[in-house]
Structures are given as structure tokens and as C-alpha cells.
Amino acid sequence: MAEDKIILKAEDLDGYLTEGDHADLKNLAAMYEETMKTFVPLDKAKTIEQFDKMGHVMQDILKKHPSIKVFSFETEEGSHAEASHVISKLRNIKTDNHEFVYYTQRAYEMLFRLAYTGPHSDKKNYIVTSTPVTNPVQNYAVHKIPDIDSEISNSVMCVMLRGALLPSIIMSKEIEEYSSNGYVTPFALFKINRDDTKHENDMQYILDLKKSFFNLEQLDGKDLIFADPMNATGGSLVTVVKYLQSQGVKPRSIKFFNIISALKGSLRISRALDNCVCYTLWMDPALNKSAYIMPGLGDAGDRLNGCDKKENPRNIIRLIANYGSTINGLYNSQLAEIESMVLDKN
């Protein structure tokens, strides 16, 4: 192993799973095999019945794992329709890039509420803001928000490039908006990818330290937040966190936010990492042999950022530039933090 490359293998990840986990995963995989039989030709009634059954089984499994929070399992029934609508739009092959970005923003706003602004937020903060009305005097409005400063003011946003870049920026913006003093998270950028020439059972996860940008001292004792639209295997997160721990970093807490997670990926993380909570908008039951989530939504990174040519991949600066002026203006404070981290290392 080269000194600038950290590699984690699939068999290392599976070593964290218990016999009970393997049995649960095998059962769900078999159920999904049966479900796919209803796809060709599509039998909507049977497909709905099968997905209902799998949902109940996953809900029962996750009762044993309090560190895995699924939006529709944790919130009141009235919120479930919103989650279903957002997920269905993100899954839809007809959803174009602009819509995909919009619904990704919606998804992360919902996940933020799940993690930070639920019933536990008893203390309140107030936003006092001036309005455009100045006659007869300058007018102000008062709005009440949850007081979550103690939960967010120690946070560092950890980005597992590249599909995770925009979701991470969105989460940082939510923190800024809910902070009483406009706290903007520092950023740590990790260049990690999996070897897609391999299959799910022999997959490798490669952390490229030369192309990563982070400060170990800035991460120690902090609340580390990771936001990646898809959690298929859990390998990327486990690779990064295990590396940081090997360098003496002791996070105060770890939160992982996903739009869609495969059950296997969530279980691996739950077993492998202490003090880590996974928040996902939707749980999917299975992986295919290439370690892609089923039914999934395709490559979220490509749908957010567009596809790169292998011989000429965009670096982080060009990727941000491609987001355009609307995104760059909306997340200006976050982009300034990212720029600072990249330039400081260079």
C-alpha cells in the first residue's frame, strides 16, 4: 500500500456484521428477488404488496439498531407523503439536473429537521430581522427557532467527493441558518472512491491523501458531519473515519446523512463505528453484484454534477464553477470556507 493511499476491502467491512445481520440481509435479498419478478411485466398490485412487506421487515430489523434513523420510521405519518414525493422525483429517470438539485435540497432540509429540530428541541432562539418597510419607522419581525447552538457549533463538514460536495454544502448552509451567530462549518475534503471494476463481495475503497484537503487538529474532538446522497456499502465512510482514528482523531460525534441507504451499508456502519448515527430519507433493501443500490436512483453524483470524462476529470474548483451563479451565490459562505481549505493546503 502506497503511503498516500488508504485501502479498505469489502471483507473487512463484512467482518463487522453479526450472524443475525447476515441472516436479515439474506432474507431481504430473497424478498427483493421475488419483488423483481413483478417488474416484467409490471404488476403494480403485486409490486406494491411486495414493497409494503419489505418495508415492514426493514422497520422490524432497524428497531434493533437505534443508531440508524429512517425518516419515514421516525416521523409522524403526515410527513411520510413529503418523503415519498421527494424520493419518487429523485428516482425518476425523467428528472433533469435542475430538478434533481432542487429535490436534493428538499431532501437535506428534511434530514436536517430529523436530526436537529425534532421534539427534543425545547429551548428556543429568536431571529430579529429588519424588513423593507420603513414607514413610519424601520420595521422589524421576530421569528422563533429551536436553540440548537450546542449541537451545531462544534461541527465540521466532512466531504467525500464528488457526489457528496453539494449535499455537504447544503447541510452546512442549514447549520448556518439555524445558528444564532451564523456559524459556518469548517470543511474537510476527502478524495475517496471505490474500485468499480470489482464486485460487491471484493470491492475496495481507496482514500487518496494527496488529493484530499483536511486538518487533523481541526477534526479532533469535533462533531463530524458527512452528507452523501447514497450509502450503498458504507465503505467510504468507514475508510475515512478509521483512517482519522488511526491518526489520533477522536470525534465527539459522527452524523451521516443520506437520501437513500441500502440496509447493508447502514448495518455495516452501525457495527463498525462507535458514536455514529446514520440519518436516511429512505431505506432500500438490497445491493446488486456491482454494489449498486436496488431499486436506487442511479449515480447521484452524475445526476447532480454531470458526467466527467475519465481522461479529464474536473477538480473541485471546476466542479463548483459548473454549479453556476445561482448555487454559488446561495452558498457563498460555504464556498469561501472550501476555498480557504484548498488554498491553505497548497
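Residues numbered from 1 in each chain as written. Predicted model: local features only at pLDDT ≥ 70, side-chain atom pairs only at ≥ 80, totals over all residues. Heavy atoms only, no water.

The next subject is the side chain of Thr38. Structurally, Thr38 can be placed in the loop between helix H2 (19-36) and helix H3 (44-62). Overall, the relative accessible area of 8% leaves Thr38 in the buried class. Contact partners of Thr38, with chain neighbours within four places excluded, come to Asp43, Lys46, Thr47 and Gln50. (Helix = DSSP H or I, 4+ residues; strand = E, 2+ residues; numbered from the N terminus. Buried < 20%, exposed > 50% of the residue type's maximum accessible area, 1.4 Å probe, protein only. Contact = heavy atoms within 4.5 Å.)

Here the focus is the nonpolar core. The biggest cluster of nonpolar side chains holds 91 residues, and the ones touching the most others in it are Leu165, Leu219, Phe226, Phe257 and Ile338. Take this core: its biggest share by element is eleven residues, from helix H6 (residues 97-116). If sequence neighbours within four positions are ignored, Leu165 has contacts with Val159, Ile316, Leu319, Ile320, Tyr323 and Ile338. (Core = buried A, V, L, I, M, F, W, Y, C linked by side-chain atoms within 4.5 Å.)

Here H3 is 19 residues long and its end C-alpha atoms lie 27 Å apart, about the 27 Å a rise of 1.5 Å per residue gives. When we look at burial in H3, the residues that qualify are Thr47, Gln50, Met54, Met58, Ile61 and Leu62. Buried residues of H3 fall within an arc of 100° about the axis and therefore sit on the same side. The exposed set on the far side of H3, more than 90 degrees from its buried face, consists of Ala45, Ile48 and His56. (Expected span 1.5 Å × (residues − 1). Arc of directions from axis to C-beta.)

Glancing now at the state of the cysteines. The tally for this structure, following the rule as stated, stands at zero disulfides. The cysteine Cys158 is free of any disulfide, with Cys276 supplying the nearest cysteine sulfur at 11 Å. For the unlinked cysteine Cys278, the closest cysteine sulfur is that of Cys276, found at 4.5 Å. Note on Cys278: relative accessible area 2%, which makes it buried. (Disulfide = S-S within 2.5 Å.)

Tallying each qualifying case throughout the model produces nine aromatic pairs. Of the aromatic side chains, those joined through ring pairs into one cluster are Phe112, Tyr116, Tyr178, Phe257 and Tyr279. (Phe/Tyr/Trp six-rings, centres within 6.5 Å; stacked < 30°, edge-to-face > 60°.)

Considering the arrangement of structural elements, one finds Asn125 in strand S3 (residues 124-130). Polar side-chain contacts of Asn125 include one of 3.4 Å to the side chain of Asp147. Look past the residues within four positions of Asn125 in its chain and what remains in contact with it is His143, Lys144, Ile145, Pro146, Asp147, Asp149 and Ser180. (Polar contact = N/O pair within 3.5 Å; in protein donor to acceptor, adjacent residues only side chain to side chain.)

Take the pattern of salt bridges next. In total, this model carries 18 salt bridges according to the counting rule given. Here Lys210 and Asp4 are joined by a salt bridge, their closest N and O atoms 4.0 Å apart. Residue Lys210 is found in strand S7 (residues 204-213), and its partner Asp4 is found in the segment before strand S1 (5-9); the two are separated by 206 residues along the sequence. With a closest N to O distance of 3.5 Å, Glu99 and Lys89 form a salt bridge. Highlighted residues: Glu99 in helix H6 and Lys89 in helix H5 (residues 80-91), separated in sequence by ten residues. (Salt bridge = Lys/Arg side-chain N within 4 Å of Asp/Glu carboxyl O.)

For the rest of this paragraph, the subject is the pairing of strand S5 (residues 155-160). Among the six residues that make up S5, six are buried, leaving the element largely enclosed by the rest of the structure. Side chains of S5 alternate between two faces, with Ser155, Met157 and Val159 and Val156, Cys158 and Met160 buried alike. Bridge count for S5 against strand S8 (residues 223-227) is four bridges, and the pairing is parallel. Across the sheet, residue Cys158 finds its bridge partner in S8, namely Phe226. Direction of pairing for S5 relative to strand S6 (residues 187-194): parallel, over a ladder of four bridges. (Pairing = 2+ DSSP bridges.)

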